[in-house]
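Observations on chain architecture
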Amino acid sequence: GYDDDDDAKRRRNRRRSSKKFRERGVGVDLGVDSDEEMIEDDSEDDDSEDDSDDDDDDLFGDDDVDAAGGGTGDNRAEVLRLKREKRRLAREKRRRERGEAAERERRARLRRAFEPVQLVENFCTERDDAIRMADSPERFHDWLEAAARSKRSTTPKVSDDITEDEEEEAFWIMRKISDVQSEWSSFANALATPGAEGGADVVGAAERKERAVLTSIIYALRYMRVEKLEPAFVKRYRKDAVSSPAVRANLYRIMDEDGEWERMTEARAKIEDVLTAEMSRFREEEGGGAGG
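Residues numbered from 1 in each chain as written. Predicted model: local features only at pLDDT ≥ 70, side-chain atom pairs only at ≥ 80, totals over all residues. Heavy atoms only, no water.

Structural notes on the overall build of the chain
- Secondary structure assignment for the chain yields 14 helices and two strands.
- Of all intrachain contacts in the chain linking residues separated by at least 6 positions in sequence, the fraction that spans at least 24 positions is 66%.
- On the chain, roughly 20,100 Å² of surface is accessible, and the fraction owed to carbon and sulfur atoms is 49%. (Helix = DSSP H or I, 4+ residues; strand = E, 2+ residues; numbered from the N terminus. Contact = heavy atoms within 4.5 Å. Areas by Shrake-Rupley, 256 points an atom, 1.4 Å probe, with all protein chains shown as cover.)

As structure tokens, then:
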């Protein structure tokens, strides 16, 4: 009848007005539905199924709760609350799995429909998706991803105490950048000069300035890793913590050296793991030979 025709028209209009997966400004319509559109129908079906399950529980009761009828009212309420929480978690898990399946299907459809170079040109690769989802500057996205994959993924907050590992890395970075090393060395030379005017006051000031160079490197890395601030922002607005002028002038070099430090420490860790495994195997063979 007329109602059926109106419903059909509304569905067609909704499909026609739904947004497609398209990168603005490139002029290429990929013809693939967005993630929300692809899982919309599944989500509606799931919600209706979940609602019907809840309605059934409300109408007919919960078998487990009824079986525990000998308990008090508080116990029955607690059991019912736990059952509802369990159903809620199960629903969230099903929705998450459906979303992941829809994402895999979308990527498969893109790979079937377009050449890899077209996906790169239109920013439709998995890396582009990760950049869109991450709340970090794209210009050093790879640097942050490498830090997150490493054992050092739990970088201390800016307000936390400085660790020995951070001091070791800061000293290594300081020696790799000539401007920073020159600034640090000028304070170190003042400490090494015997009979300097001012005595203990001069020595104390030199020690603080020498220490400030290393702490500036540590705080700069924390700001860029944890708070995801860009070097230009740190240089201009974080002078109170990053007090060393040489460090502020070489923040991009510090980022590069930090990546080199990470690669070096990862290689060292792998070598240590191999040596440990070999030593364990050698001890086992020696123990087996002595026992025989």
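Quick notes on the pattern of salt bridges
- Applying the stated criterion across every chain, the model contains 13 salt bridges.
- One salt bridge in this structure joins Glu92 and Arg88, with 2.5 Å as the shortest N-O distance. Linking Glu92 with Arg88, this pair stays in helix H5 (residues 73-113), spanning four residues, or about one helical turn.
- Classification of Glu92 by relative accessible area gives partly exposed; the value is 35%.
- Given the relative accessible area of 31%, Arg88 is considered partly exposed.
- Note that Arg225 is salt-bridged to Glu169, the shortest N-O span being 3.6 Å. Here Glu169 lies in helix H9 (residues 164-176) and Arg225 lies in helix H11 (residues 200-225), a separation of 56 residues in the sequence. For the pair Arg225 and Glu169, one class covers both residues: buried. (Salt bridge = Lys/Arg side-chain N within 4 Å of Asp/Glu carboxyl O. Buried < 20%, exposed > 50% of the residue type's maximum accessible area, 1.4 Å probe, protein only.)

Quick look at the environment of Glu210
- Within the secondary structure, Glu210 sits in helix H11.
- Note on Glu210: relative accessible area 18%, which makes it buried.
- Linking Glu210 and Ala188, residues 22 residues apart in sequence, is a C-alpha distance of 6.7 Å.

Here's the deal with the confidence of the model for the chain
- Here the chain averages 75 in pLDDT, while 65% of its residues score no lower than 70.
- Under a pLDDT of 50 for its full length, residues 19-39 has, in the predicted model, 42 contacts with residues more than four places off or in other chains. (pLDDT = per-residue confidence, 0-100.)

Topic: unusual backbone geometry
- The phi torsion at Lys228 lies on the positive side, around 55°, for a residue other than glycine.
- Along the chain, Lys228 falls in the loop between H11 and helix H12 (231-237).
- A relative accessible area of 33% places Lys228 in the partly exposed class.

Observations concerning the packing of aromatic side chains
- All chains considered together, the criterion is met by three aromatic pairs.
- Measuring from ring centre to ring centre gives 5.4 Å for Trp172 and Trp261, while their planes differ by 50°; the resulting arrangement is tilted. Placement of the pair is Trp172 in helix H9 and Trp261 in helix H14 (residues 251-291), with a sequence separation of 89 residues.
- Measuring from ring centre to ring centre gives 4.9 Å for Phe233 and Tyr237, while their planes differ by 45°; the resulting arrangement is tilted. Of this pair, Phe233 and Tyr237 both sit in helix H12, four residues apart, which is roughly one turn of that helix.
- Overall, the relative accessible area of 49% leaves Tyr237 in the partly exposed class. (Phe/Tyr/Trp six-rings, centres within 6.5 Å; stacked < 30°, edge-to-face > 60°.)

Here we look at the side chain of Glu257
- Its place among the elements puts Glu257 in helix H14.
- What makes Glu257 buried here is its relative accessible area of 11%.

Points about the nonpolar core
- Ranked by size, the top nonpolar core spans 30 residues in total, and within it Val180, Ile217, Val247 and Ile254 carry the most contacts.
- Breaking this core down by element, the ones donating at least two residues are H9, helix H10 (178-192), H11, helix H13 (245-249) and H14. (Core = buried A, V, L, I, M, F, W, Y, C linked by side-chain atoms within 4.5 Å.)

Points about helix H7 (residues 126-133)
- What H7 keeps buried is the set Asp128, Asp129 and Ile131. Viewed along the axis of H7, the buried residues span an arc of 160°, placing them on a single side of the element. (Arc of directions from axis to C-beta.)

Digging into H9
- Taking 1.5 Å per residue as the helical rise, H9 with its 13 residues ought to reach 18 Å, and the 19 Å between its terminal C-alpha atoms agrees with that figure.
- Three or more residues of H9 are buried, namely Glu166, Glu169, Ala170, Trp172, Ile173 and Met174. (Expected span 1.5 Å × (residues − 1).)

Notes on the side chain of Asn250
- Relative to the elements of secondary structure, Asn250 occurs in the loop between H13 and H14.
- Non-local contacts of Asn250, meaning those with residues more than four positions away in its chain, are made with Ile177, Asp179 and Val180.

Topic: the environment of Glu169
- On the basis of relative accessible area, Glu169 is assigned to the buried category, the value being 4%.
- Separated by 48 residues in sequence, Glu169 and Ile217 place their C-alpha atoms 9.1 Å apart.

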